[in-house]
Amino acid sequence: MPHEPPALSTALIHHPYRPPEGFAAPQPGVHKASTVIFPNVAALRARDWRQRTGYTYGLHGTPTTFLLEERIATLEGGSDTLLVPSGLAAIALVDLALLDGGDEVLIPDNAYGPGKELARQELARWGVTHRLYDPADVDGLARMIGPATKLLWLEAPGSITMEFPDLPALVRVARERGVRTALDNTWGAGVALRAFDHGIDISAQALTKYPSGGGDVLMGSVTTRDHGLHLRLKAMHMHLGLGVGANDVEALLHALPSLALRYAAQDASARVLARWWQSRPEADAVLHPALPGSPGHEHWARLCTQAAGLFSVRFDERHERAKVHAFVDALKLFKIGYSWAGPVSLAVPYDLETIRPAVGRHATLVRFSLGLEDPADLQADLEQALRHAFGGAAT
Ligand SMILES: Cc1ncc(COP(=O)(O)O)c(C=O)c1O
């Protein structure tokens, strides 16, 4: 020390701190750090950021981020998890870590749109090609896989159009040809669907949805069972400088204990309202994998008992798009906005020909995300908005 006692600024900064001893509580403490302090140079030199046995730098893990990683790995039934700033960043991390120039990635044509755009607009610039495949056509996928195919993305069910694929058959086709598989498991969340039970190599999730459940956090995760694969992903995670904020991790740790209850409640509400929509003359189809007749329902029934609180309604072509938009505008409890799994119910209209050109059909879909409101109130809201837009007895 240059002088004794040290100056106030120095004394405040170097004030001894020890976490409270003898304090045990179910709620974890929140640790924040960029700098991690080493006792000496030998310890600094010996520390390896790849190992979870110690701490190196805040970006590579704190007790708080390690704890959430462990809990997400448990949720997914995997062994290692990496946290990233969003669900889309989880998709990007997998692509960037596993694909080289000259490789091809296959993406279901009903996958989350921005993941397809990432391949179209960015991966292409690095010489990585992609093709969209029809997840309902297993033989077609088998024919598409060639020597350049290195990664197969899976999503169950598809975004917005909600088709549930024959996941084990798609995985079998990929494994027989030595192609790695990655599932966007945001819908299943580790509750309705566990990737590793089906031989999938990587499970990516938007923790933004069910694990957060609050509509207030953006985060993603990438979980694996193969430690070598995890280390490859972790290297790219480090090189890209990906990290998540301790306050967001804290919010996730707070929300996880109620995940299963929220998932079940939102599932139950969605099924009540999806069945109600089936009786409505304005609806041409109700797309919810747990409803018989919905595309891929038989695969859902074989693989799952639960479902996310999410479904889409396809409006009869007789109804002008403007009327469907007027219906969405008239909703009061359902808010207009992207994302899902928060406490507030949401509705978003989509033009089928824009999101799925391959379907070759012009139609308006409205995707509903069920929140935690009473389903009877939500049904009344839908009824008043339908009356407003379509009149008393739309047949
Ligand atoms: C299926 C699916 N995957 C990934 C994402 C991306 O998540 P985030 O909003 O955290 O980037 C979303 C977001 O809507 C999604 O629906």
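Going by the structure above, here's the rest.
Notes on the structure in this doc start here. Since this is a predicted model, take the numbers as computed values, not measurements. (Residues numbered from 1 in each chain as written. Predicted model: local features only at pLDDT ≥ 70, side-chain atom pairs only at ≥ 80, totals over all residues. Heavy atoms only, no water.)

The subject of this paragraph is helix H14 (residues 375-390). Its 16 residues place the ends of H14 22 Å apart at the C-alpha level, agreeing with the 22 Å of an ideal helix rising 1.5 Å per residue. Turning to H14, its buried residues number three or more, namely Leu378, Asp381, Leu382, Gln384, Ala385, Leu386, Ala389 and Phe390. Each element contacted by the buried residues of H14 is listed here: helix H10 (259-278), strand S9 (310-315), helix H12 (321-330) and strand S12 (364-369). Capping the start of H14, aspartate 374 holds a side-chain oxygen 2.8 Å from the backbone nitrogen of alanine 376, two or three residues further along. One or two positions beyond H14, positive phi appears at glycine 391, with a value near 85 degrees. (Helix = DSSP H or I, 4+ residues; strand = E, 2+ residues; numbered from the N terminus. Expected span 1.5 Å × (residues − 1). Buried < 20%, exposed > 50% of the residue type's maximum accessible area, 1.4 Å probe, protein only. Contact = heavy atoms within 4.5 Å. Polar contact = N/O pair within 3.5 Å; in protein donor to acceptor, adjacent residues only side chain to side chain.)

This paragraph deals with the pattern of salt bridges. Within the structure shown, the criterion is met by 17 salt bridges. For arginine 50, the salt bridge is made with aspartate 48, and the minimal N-O distance between the two is 3.4 Å. For arginine 50, a relative accessible area of 39% corresponds to the partly exposed category. As a salt-bridge pair, arginine 321 and aspartate 351 come within 3.2 Å of each other at their nearest N and O atoms. Highlighted residues: arginine 321 in helix H12 and aspartate 351 in strand S11 (residues 346-351), separated in sequence by 30 residues. Here the residues in one salt-bridge network are Arg52, Glu69 and Glu70, joined through shared partners. (Salt bridge = Lys/Arg side-chain N within 4 Å of Asp/Glu carboxyl O.)

Take the sheet that holds strand S5 (residues 180-184) next. With mixed pairing, the 7 strands of this open sheet are ordered in space as S1-S7-S6-S5-S4-S2-S3. Looking at strand neighbours, the two that pair on one side only are strand S1 (80-84) and strand S3 (129-133), the edges of this open sheet. Strand-to-strand twist in this sheet, taken as the mean axis angle between neighbours without regard to direction, amounts to 20 degrees. Sheet analysis places strand S2 (residues 104-108) next to strand S4 (residues 149-155), joined by 3 bridges and oriented parallel. (Pairing = 2+ DSSP bridges. Axes fitted to C-alpha atoms, helices over the stretch in contact; angles between N-to-C directions.)

Within S4, 6 of the 7 residues are buried, which leaves the element mostly enclosed by the surrounding structure. Sheet analysis places S4 next to S5, joined by 5 bridges and oriented parallel. Considered in S5, the bridge of leucine 151 is made with arginine 180. Read from S4 through helix H7 (residues 167-176) to S5, the crossover connection turns out right-handed. (Right-handed = clockwise from strand over helix to strand, strands pointing away.)

Before going further, it helps to spend a moment on the site of the ligand. As a structural note, the neighbourhood of the ligand is formed by Ser86, Gly87, Leu88, Tyr112, Glu155, Ser159, Asp184, Thr186, Ala206, Thr208, Lys209 and Trp340. The backbone of glycine 87 places a nitrogen or oxygen atom 2.7 Å from an oxygen atom of the ligand. Here aspartate 184 contributes a side-chain N or O atom positioned 2.6 Å from a nitrogen atom of the ligand. Here the ligand loses 88% of its free accessible area of 390 Å² to cover by the protein chains. By residue class, the composition of the shell around the ligand is 4 nonpolar, 5 polar and 3 charged. (Near = heavy atom within 4 Å. Areas by Shrake-Rupley, 256 points an atom, 1.4 Å probe, with all protein chains shown as cover. Nonpolar A, V, L, I, M, F, W, Y, C, P; charged D, E, K, R; others polar.)

What follows deals with the packing of aromatic side chains. Counted according to the given criterion, the structure contains 13 aromatic pairs. Residues phenylalanine 315 and phenylalanine 390 carry aromatic rings whose centres are separated by 6.0 Å and whose planes lie at 10 degrees to one another, so their mutual orientation is stacked. Here the residue phenylalanine 315 occupies a position in strand S9, and phenylalanine 390 occupies one in helix H14, the gap between them amounting to 75 residues. Here phenylalanine 315 and phenylalanine 390 have matching classes, each one buried. Stacked on the ring of tryptophan 49, the Lys or Arg arginine 50 has its end atom at 5.0 Å from the ring centre. If you follow arginine 52 out to its NZ or CZ, it ends over the ring of phenylalanine 66, 4.3 Å from the centre. (Phe/Tyr/Trp six-rings, centres within 6.5 Å; stacked < 30°, edge-to-face > 60°. Lys NZ or Arg CZ within 6 Å of the ring centre and 35° of its normal.)

This part is about the pairing of S11. Here strand S10 (residues 335-336) runs beside S11; their pairing, made up of 2 bridges, is parallel. Looking at S11, one finds that isoleucine 336 is bridged to alanine 347.

Turning to the packing of helix H4 (residues 87-98) against helix H5 (residues 113-122), a few remarks are in order. With their axes 10 Å apart at the nearest point, H4 and H5 run at an angle of 35 degrees to one another. Here H4 runs over H5; the crossing is right-handed. Facing Leu88, Ile91, Ala92 and Asp95 of H4, the residues of H5 in contact are Pro114, Gly115 and Leu118. Considering only residue class, the contact of H4 with H5 consists of 5 nonpolar, 1 polar and 1 charged. (Left-handed = near helix turned anticlockwise from the far one by under 90°.)

As a packed pair, H4 and helix H8 (residues 227-239) sit with axes 9 Å apart at the nearest point and diverge in direction by 105 degrees. For the element pair H4 / H8, the angle class is roughly perpendicular. Within the contact between the two elements, H4 uses Leu93, Val94, Leu96, Ala97 and Leu98 and H8 uses Leu229, Arg232, Leu233, Met236 and His237. Here the residues of the contact of H4 with H8 sort into 8 nonpolar, 1 polar and 1 charged. (Parallel < 35°, antiparallel > 145°, perpendicular 65-115°, else oblique.)

Here we take up unusual backbone geometry. Here alanine 156 and proline 157 are connected by a cis peptide whose omega angle stands at -5 degrees. Secondary-structure assignment places proline 157 in the loop between S4 and H7. Residues other than glycine seldom take positive phi values, yet alanine 189 does so here, at roughly 60 degrees. Take alanine 189: it is sitting in the loop between S5 and strand S6 (202-206). The exposure class assigned to alanine 189 is buried, which follows from its relative accessible area of 0%. The phi dihedral of serine 339 falls on the positive side, at around 85 degrees, and the residue is not glycine. One can find serine 339 in the loop between S10 and S11.

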